[in-house]
Amino acid sequence: MGTDSAEAAGNERELEDTIVTDLTGRMTYGSYLGLDALLSAQHPVSSPQHHDEMLFIIQHQTTELWLKQMLHELSSARDLLASDDLREALKRVARVKRIQDVMTQQWSVLATLTPTEYAQFRGALGNSSGFQSVQYRAVEFALGNKNERMLSVFRDHPSNLALLTTEFERPTLYDEFLRYASRRGIPIPAEILDRDVREPYRPHPSLVPAIREIYEHPQTHWDLYEACEDLVDLEDNFQFWRFRHLKTVTRTIGMKPGTGGSSGVGFLQRALELTFFPELYTVRTEIGA
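Note that the structure is a prediction, hence the values are computed from the model and not measured.

Thresholds applied
Residues numbered from 1 in each chain as written. Predicted model: local features only at pLDDT ≥ 70, side-chain atom pairs only at ≥ 80, totals over all residues. Heavy atoms only, no water. UniProt positions renumbered as here; feature names shortened; annotations may be inferred. Helix = DSSP H or I, 4+ residues; strand = E, 2+ residues; numbered from the N terminus. Contact = heavy atoms within 4.5 Å. Buried < 20%, exposed > 50% of the residue type's maximum accessible area, 1.4 Å probe, protein only. Axes fitted to C-alpha atoms, helices over the stretch in contact; angles between N-to-C directions. Parallel < 35°, antiparallel > 145°, perpendicular 65-115°, else oblique. Left-handed = near helix turned anticlockwise from the far one by under 90°. Nonpolar A, V, L, I, M, F, W, Y, C, P; charged D, E, K, R; others polar.

1. Considering the UniProt feature "binding site: heme" (unreviewed entry) in the protein
Part 1 of the argument: As annotated in UniProt, the feature "binding site: heme" (unreviewed entry) corresponds to His245 in the numbering used here.
Part 2 of the argument: Structurally, the position occupied by His245 is in helix H12 (residues 222-253).
Part 3 of the argument: Once residues lying within four places of it in the same chain are set aside, the contact partners of His245 are Trp107 and Leu268.

Written out as structure tokens, the structure is:
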């Protein structure tokens, strides 16, 4: 009987001689990833401890890790656009889109939490709320949904305030893309190129003809055309995430107010009215008209 057959019969895999098993003083999987700290960061507060609180904590912690990666990618994408490297910038955007897919799918896990189960530990959360996620707000700022009033939420947490202030004062992804397009010869209005980047991005009808130029001549502006569609993907994905959030909350708490003091479902519903790249949608009405 051959070695493979012997292993299968015993349902045990032999370790290869070259595998390192003496890890004394070595860099290990756990030490590299900081798993001691990461896996000890779940602290249920319900008393008696409710089984499903662990799911609630891990769901939100993993979301925060993905938000951290999104900010990392969006920061790099903007730097690359500013240095005229559209190709690498779009690679960063492509990764963000995959992260968004994962984050949206995660809501299906939390949706297994029934109203009865959540009610048994919801009161222990106090005023903690996803509304207070500084990284989520930073991603919104990076994409254009800036709101100066959000800075005050983090006034008692210097590092969070610094993170959000940096994003508040920095050009958005759309700002950097439009500046790049202008350097490529697309007639972007000066009012947009010179706008106060601390303001939320608002629709500019004067920009639509420039976007239409890209869409109606894709062979001439193929990379810009592709970039516009990538940005549309990014916004669509973000709206899917917002919608899944809304539906999961509706499924779990109905029309109750949020733990952080918001109206709950109504507050989340209004987020669906926000947009990042409005002219990329407006142009669709005009093309072929």
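2. A look at the environment of Arg212
Part 1 of the argument: Mapped onto the fold, Arg212 is located in helix H11 (residues 208-216).
Part 2 of the argument: Overall, the relative accessible area of 24% leaves Arg212 in the partly exposed class.
Part 3 of the argument: Ignoring any residue separated from it by four or fewer positions in sequence, one finds Arg212 in contact with Val283, Glu286 and Ala289.

3. Side note on the packing of helix H4 (residues 53-82) against helix H5 (residues 86-110)
Part 1 of the argument: As a packed pair, H4 and H5 sit with axes 9 Å apart at the nearest point and diverge in direction by 165°. As summarised for this structure, H4 and H5 are arranged roughly antiparallel, according to the angle between their axes. Along this stretch, H4 crosses H5, giving a crossing that reads as left-handed.
Part 2 of the argument: Across the contact of H4 with H5, the residue classes tally to 18 nonpolar, eight polar and four charged.

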